[in-house]
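Architecture at a glance
One letter stands for each residue in the lines below.
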Amino acid sequence: GPKVLQIPSHQIIDMGQMVTLNCDPVSNHLYFYWYKQILGQQMEFLVNFYNGKVMEKSKLFKDQFSVERPDGSYFTLKIQPTALEDSAVYFCASSLGGTASYEQYFGPGTRLTVL
Amino acid sequence: QQQVRQSPQSLTVWEGETAILNCSYENSAFDYFPWYQQFPGEGPALLISILSVSDKKEDGRFTIFFNKREKKLSLHIADSQPGDSATYFCAASRPNYNVLYFGSGTKLTVEP
């Protein structure tokens with residue numbers, strides 16, 4: 001099936017540093033998402049993005065978080081500055097359309113460890 | 001508040017048996033329920049989904065049974081194979097609102 005790629009697979013950084021997580025969505029998809037999964041807990045929605053804008057975000061999407069997709073390149077999640085509680089696996093997803101009838105395809109995740 | 005709950009947390013069945021994974025939800029506005037399969041080190045992959053207007057959806061060995069009144073659904077995996085060993089996530093979404101709410105998953109082990 002369609003593939004979503006995420007780079008890197010694992011990132012270790014010191015608290016307070018900036019980190020950028022990269023996502024290469026399915027080529028013709030128009031909607032992009034980030035989800036966060038803390039070890040042993042369920043995956044939780046962070047944000048979705050369409051046509052260069054954030055459409056919806058959850059309370060987990062703190063002020064230190066930002067997303068962008070400049071010129072059709074990677075869809076990125078930037079955290080600046082990072083905090084210990086940001087340690088989690090971050091999953092990127094993309095879908096062709098913006099309603100629930102459009103399937104969301106997920107990448108393999110980036111494991112972020114904040115020390 | 002956890003909007004989607006799954007049980008059991010882990011399940012072991014023998015090859016050839018039917019595995020039954022359960023899911024319940026809080027929000028009666030949810031109308032789309034996908035199930036995702038995840039292998040270690042990989043992202044979740046969409047397995048099968050159902051809309052709330054239906055009470056059953058089949059795809060090969062995988063069947064969703066949906067009970068709107070009780071706000072419950074279940075995934076049945078018939079003739080389970082060792083290759084089905086994975087974590088299964090139930091998710092839910094509201095109409096015209098493309099945010100998925102996930103359960104905490106059921107880890108299925110199929111013993112040969």
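Residues numbered from 1 in each chain as written. Chains lettered and ligands numbered in written order. Predicted model: local features only at pLDDT ≥ 70, side-chain atom pairs only at ≥ 80, totals over all residues. Heavy atoms only, no water.

Residue and element names in this part refer to chain A. Along the chain, E68 falls in strand β7 (residues 65-68). Overall, E68 belongs to the partly exposed group, its relative accessible area being 41%. Every residue in contact with E68, bar those within four places of it in the chain, is listed here: F49, Y74, F75 and T76. (Helix = DSSP H or I, 4+ residues; strand = E, 2+ residues; numbered from the N terminus. Buried < 20%, exposed > 50% of the residue type's maximum accessible area, 1.4 Å probe, protein only. Contact = heavy atoms within 4.5 Å.)

We now examine the environment of N22(B). All names here are of chain B. Position of N22 among the secondary structure elements: in strand β3 (residues 19-25). Owing to a relative accessible area of 31%, N22 belongs among the partly exposed residues under this scheme. Put simply, N22 and I64 are 42 residues apart on the chain and 9.8 Å apart in space, counted from C-alpha to C-alpha. In contact with N22, not counting residues within four places along its chain, are R5, Q6, S7, W35, L73 and S74.

One broad rule of soluble globular proteins: the nonpolar side chains tend to lie buried together. With 25 residues, the main nonpolar core has W35(B), L73(B), L75(B) and Y88(B) as its most contacted residues. I13(A), F65(A), F75(A) and L112(A) belong to the second-largest nonpolar core, a separate cluster that totals 22 residues. (Core = buried A, V, L, I, M, F, W, Y, C linked by side-chain atoms within 4.5 Å.)

Let us look at the sheet that holds strand β1 (residues 5-7) of chain A. Residues and elements named next belong to chain A. With antiparallel pairing, the four strands of this open sheet are ordered in space as β1-β3-β8-β7. The strands lining the two open edges of the sheet, one partner per strand, are β1 and β7. Shown here is a sheet whose adjacent strand axes are inclined to one another by a mean of 20 degrees, direction ignored. Note: strand β3 (residues 19-24) against strand β8 (residues 75-79), five bridges, orientation antiparallel. Paired with T20 across the strands is K78, a residue of β8. (Pairing = 2+ DSSP bridges. Axes fitted to C-alpha atoms, helices over the stretch in contact; angles between N-to-C directions.)

We now examine the state of the cysteines. Residue and element names in this part refer to chain A. Throughout the structure, instances matching the rule amount to two disulfides over all chains. Residue C23 pairs covalently with C92 via a disulfide, S to S 1.9 Å. Handedness of the C23-C92 disulfide follows from its S-S torsion of about -65 degrees: it is left-handed. Of this pair, C23 sits in strand β3 while C92 sits in strand β9 (residues 88-95), and the two are 69 residues apart along the sequence. Pair check on accessibility: C23 and C92 agree, each one buried. (Disulfide = S-S within 2.5 Å.)

Scanning the entire structure with this criterion turns up 18 aromatic pairs over all chains. Note on Y35(A) and F106(A): the rings are 5.3 Å apart at their centroids and 50 degrees apart in plane angle, and the pair reads as tilted. Taken as a pair, Y35(A) in strand β4 (residues 31-37) and F106(A) in strand β10 (residues 105-106) lie far apart in primary sequence, 71 residues in all. A residue is classified by how much of its surface remains accessible, and F106(A), at 8% relative accessible area, is buried. Plain terms: the ring middles of Y25(B) and F33(B) are 4.8 Å apart, the flat faces sit at 45 degrees to each other, and that makes the pair tilted. Assessed through its relative accessible area of 0%, F33(B) is described here as buried. (Phe/Tyr/Trp six-rings, centres within 6.5 Å; stacked < 30°, edge-to-face > 60°.)

On to the layout of surface pockets, then. There is about 780 Å³ of room inside the largest pocket. Mapped by element, the contributors of at least two residues to the lining of the largest pocket are β9 and β11 (110-114) of chain A together with β9 (86-94) and β11 (106-111) of chain B. Residues belonging to the lining of the largest pocket are distributed by class as follows: twelve nonpolar, 17 polar and three charged. (1 Å grid on protein atoms, 1.4 Å probe; cavity = no way out; pocket = protein on both sides within 12 Å on 5 of 7 lines; lining within 4 Å. Points joined across faces, edges and corners; volume = space filled by probe spheres on them. Nonpolar A, V, L, I, M, F, W, Y, C, P; charged D, E, K, R; others polar.)

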